[in-house]
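Below, each chain spelled out in residue letters.
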Amino acid sequence: MAQRKGCLIGCGVALVLGIGLAVLAVFGVGRFLDMADQTLIDPEVYAAVKAGDAEGEVRAKLPSGDSFVKGALKEGGPAEPEGSTCAWYVSSADPGNGKETVLRFCFKDGRLAEKAEYPMR
């Protein structure tokens, strides 16, 4: 009898832990996808803006860009213009040559100072 009781308790604990892990996995995947959406941008938006455009107008067309992958997106890109603030995004277009394309926008003095496009490392 004690053996059965111990087995039931163990199975109950395993079930609760399994459900908890499943909930965390679903939450984590959802959070990851939300973060990915914040860094994706349509290449048409990139093409539509030009250096010299007002920063507010350009940023209004961009997603937030807040993401844990920001550091990875910086790698392999050209040097940032001195005194500028940059934002990095991933092109929503199908990757060419199996590599995603990074789209970078750099702002200085309230204007789009430079935009750059390069393959993600």
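Enquirer: Kindly report on the overall build of the chain, identifying the contributing residues and their values.
Expert: Along its length, the chain carries four helices and four strands. What you see in the chain, going N to C, is helices and strands ordered as α-β-α-α-α-β-β-β. Across the chain, contacts joining residues at least 24 apart in sequence account for 57% of those joining residues at least 6 apart. Carbon and sulfur atoms form 60% of the exposed surface of the chain, whose accessible area is close to 8100 Å².

Enquirer: Please set out unusual backbone geometry residue by residue, giving values where relevant.
Expert: The phi dihedral of Asp109 falls on the positive side, at around 55°, and the residue is not glycine. Take Asp109: it is sitting in the loop between strand 3 (101–108) and strand 4 (111–119). A relative accessible area of 73% means that Asp109 is categorised as exposed.

Enquirer: Describe the pattern of salt bridges, naming the residues involved and giving the relevant values.
Expert: Counting across every chain of the model gives two salt bridges. Between Arg59 and Glu55 there is a salt bridge, with the nearest N and O atoms lying 2.9 Å from each other. Of this pair, Arg59 and Glu55 are both found in helix 3 (residues 55–60), four residues apart, which corresponds to roughly one turn of the helix. The exposure class assigned to Glu55 is partly exposed, which follows from its relative accessible area of 23%. A salt bridge links Glu114 to Arg104; its shortest N-O distance comes to 2.4 Å. Of this pair, Glu114 sits in strand 4 while Arg104 sits in strand 3, and the two are 10 residues apart along the sequence. Glu114 sits in the partly exposed class, given a relative accessible area of 27%.

The rules behind the values
- Residues numbered from 1 in each chain as written.
- Predicted model: local features only at pLDDT ≥ 70, side-chain atom pairs only at ≥ 80, totals over all residues.
- Heavy atoms only, no water.
- Helix = DSSP H or I, 4+ residues; strand = E, 2+ residues; numbered from the N terminus.
- Contact = heavy atoms within 4.5 Å.
- Areas by Shrake-Rupley, 256 points an atom, 1.4 Å probe, with all protein chains shown as cover.
- Buried < 20%, exposed > 50% of the residue type's maximum accessible area, 1.4 Å probe, protein only.
- Salt bridge = Lys/Arg side-chain N within 4 Å of Asp/Glu carboxyl O.

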